[in-house]
Amino acid sequence: MSLKNESKEDLDTKMIILGPASGVSSSELVQKIHMLKLPLTIKSTCYGAMVHGEPDVVKKAVEEARNMDEFNIFIKDRGFPPGDPRRCRGHRGAAREGFHQLEKEFKLLGYVGEALANPKEVSLEEPQKIPVNEFHEIAKSMDLNDEIDE
Amino acid sequence: MKIAMFPPNSLILEDLIERSGHEPLSLQNQIKQKVIDPEIDSPPFNMTEEDPIKGLKYAAIEVPSGVRGRMSLFGPLIDVAEAAIIMDESPFGFGCIGCARSNELSVFYLRKKGIPTLELKYPTNQDETRDVVNKITTFLKQLGGA
């Protein structure tokens, strides 16, 4: 597969983000993706790695990467290709804009991974406050009537 | 199913939607079309005067062109959405989502569309995060059709 004939618009870029509880390092992740020998542009980054290439190849690489630590590796799309001078930190001289959001959400990724590892079916309905009369009935049934009246 | 999310560039929401086998409608894919176009008119983002005009489908002419320009990016995502997850009180507003009025308008359109919608508050601690993740996974499971 050659990237030469592909239009740039047909190519996907995905960020592979390692959660704080991940047992995989950035270099291990990049090495693993390199070992897949897929026609991809791979960039090692401070948060994990970035892969750029044809959508089906990127999908395969991302799936393989996720399998390394299912609950602590997170995937996000990226609009700009890797090393784009309009976004690259090296050219801008400061963190790129998207990094601030990534940094903010990164703080919760440990909890997200933990919740994913221990899934639980929950009700989607918000708990409602019970009517006063109903509360009074419950209190009565528990012999707390005197305390309520006070 | 195509799931719209708000904020439309959220890592947590996009990852959870993708894990469940659905298709997240992320803002980055809209931006991609703007930045990789070989005929870039107005670098670096290629937002042209055509975009606020496209935004007229979603916002009136009196609305500032910034809102209309943003809506030309968010709007097509809302149009194709089959379900939505809205996370209120997100503390971030960077890049193209850093406009309160565009955000309000996007959420309004998502609610108005009448599609299955899950509304949550952005979690701030472990318990809230666990609850939010469980609610999102339950919601996505109930949607089915992945």
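Residues numbered from 1 in each chain as written. Chains lettered and ligands numbered in written order. Predicted model: local features only at pLDDT ≥ 70, side-chain atom pairs only at ≥ 80, totals over all residues.

Let us look at the overall build of chain A. A count of helices and strands for chain A gives six helices and four strands. Beginning at the N terminus, the succession of helices and strands in chain A can be written as β-α-β-β-α-β-α-α-α-α. Buried residues in chain A amount to 28% of all 150 residues. If you take every contact in chain A between residues at least 6 apart in sequence, the share linking residues at least 24 apart comes to 62%. (Helix = DSSP H or I, 4+ residues; strand = E, 2+ residues; numbered from the N terminus. Buried ≥ 20, exposed ≤ 12 C-beta atoms within 10 Å, placed from the backbone. Contact = placed C-beta atoms within 7 Å.)

Residues and elements named next belong to chain B. Judged by pairing direction, the sheet is parallel, and its four strands sit side by side in the order β2-β1-β3-β4 without closing on themselves. Strand pairing shows two members of the sheet lacking a second neighbour, β2 (23-25) and β4 (117-121), which therefore form its edges. Sheet twist, expressed as the average angle between the axes of neighbouring strands with direction ignored, equals 25 degrees. Bridge analysis of strand β1 (residues 2-6) against strand β3 (residues 83-88) gives four bridges, and the strand direction is parallel. What sits directly across from Ile3, in β3, is Ala83. Contacts between helix α5 (residues 100-112) and the sheet are confined to β1, β3 and β4, with β1 contributing the most and set at about 140 degrees to the helix. (Pairing = 2+ DSSP bridges. Axes fitted to C-alpha atoms, helices over the stretch in contact; angles between N-to-C directions.)

This next bit is on the confidence of the model for chain B. Per-residue confidence for chain B gives a mean pLDDT of 87, with 90% of residues at or over 70. Among the scores for the predicted complex, ipTM is 0.87 and pTM is 0.85. (pLDDT = per-residue confidence, 0-100.)

Interface extent is often summarised as the accessible area lost during association of the parts. Of the residues lining the interface, 28 residues belong to chain A; the matching set on chain B comes to 32 residues. Where the side of chain A that touches chain B is concerned, the elements lending two or more residues are β4 (73-77) and α4 (97-117) of chain A. Of the residues forming the side of chain A that touches chain B, the biggest block, twelve residues, is contributed by α4(A).

On to the pairing of β4(A), then. For β4(A), a buried count of five out of five residues is recorded, marking the element as mostly surrounded by other parts of the structure. Side-chain alternation along β4(A) places Ile73(A), Ile75(A) and Asp77(A) on one buried face and Phe74(A) and Lys76(A) on a second face that is also buried.

One broad trend across soluble globular proteins is that nonpolar side chains are buried collectively. Counting residues in hydrophobic clusters, the biggest one holds 60 residues, and the most contacted among them are Ile16(A) and Met5(B). It is α4(A) that provides the largest number of residues to this core, a total of seven residues. Aside from chain neighbours lying at most four places away, what touches Met5(B) is Ser10(B), Leu13(B), Glu14(B), Ile17(B), Pro24(B), Leu25(B), Ala84(B) and Ile85(B). (Core = buried A, V, L, I, M, F, W, Y, C linked by C-beta atoms within 7 Å.)

Strand pairs in the sheet, formed through backbone hydrogen bonds, run parallel or antiparallel to each other. Taken in spatial order, the four strands line up as β2-β3-β1-β4 (chain A) in an open sheet, and their pairing is antiparallel. The open sheet has two free edges, formed respectively by β2 (41-45) and β4 of chain A, since each of these has just one partner strand. Across the sheet, the mean angle from the axis of one strand to that of its neighbour is 20 degrees, orientation sign disregarded. Pairing of β2(A) with strand β3 (residues 48-53) of chain A involves five bridges; the strand directions are antiparallel. When the sheet's bridge partners are listed, Thr41(A) is paired in β3(A) with His52(A). Lying on the sheet, helix α1 (residues 11-19) of chain B is in contact with β1 (12-18) and β4 of chain A; it crosses β4(A) at an angle near 105 degrees.

The next thing to look at is the environment of Ile53(B). Residues and elements named next belong to chain B. Mapped onto the elements of the fold, Ile53 is located in helix α3 (residues 50-54). The exposure class assigned to Ile53 is partly exposed, which follows from the 14 C-beta atoms found within 10 Å. Measuring from C-alpha to C-alpha, the distance between Ile53 and Ser72 comes to 8.2 Å, with 19 residues separating the pair along the chain.

This part takes up helix α6 (residues 126-143) of chain B. Its 18 residues place the ends of α6(B) 26 Å apart at the C-alpha level, agreeing with the 26 Å of an ideal helix rising 1.5 Å per residue. Every buried residue of α6(B) is accounted for by Thr129(B), Val132(B), Val133(B), Ile136(B), Phe139(B) and Leu140(B). One side of α6(B) holds all its buried residues, which, seen down the axis, span an arc of 130 degrees. Opposite the buried face of α6(B), at more than 90 degrees from it, the exposed residues are Asp127(B) and Gln142(B). Elements in contact with the buried residues of α6(B): α4 of chain A together with α1, β3 and β4 of chain B. At the C-terminal side of α6(B), Gly144(B) shows a positive phi close to 60 degrees. (Expected span 1.5 Å × (residues − 1). Arc of directions from axis to C-beta.)

Once that is clear, we can look at the packing of α4(A) against α6(B). Two quantities define a packed helix pair, namely the angle between the helix axes and the distance between the axes. Two elements in contact, α4(A) and α6(B), have axes separated by 9 Å at closest approach and are oriented at 50 degrees. By the angle between their axes, α4(A) is oblique relative to α6(B). Read as a crossing pair, α4(A) and α6(B) show a hand that is right-handed. Contacts from Leu108(A), Tyr111(A), Val112(A), Ala115(A) and Leu116(A) in α4(A) reach Gln126(B), Thr129(B), Arg130(B), Val133(B) and Asn134(B) in α6(B). Classifying every residue of the contact of α4(A) with α6(B) gives six nonpolar, three polar and one charged. (Parallel < 35°, antiparallel > 145°, perpendicular 65-115°, else oblique. Left-handed = near helix turned anticlockwise from the far one by under 90°. Nonpolar A, V, L, I, M, F, W, Y, C, P; charged D, E, K, R; others polar.)

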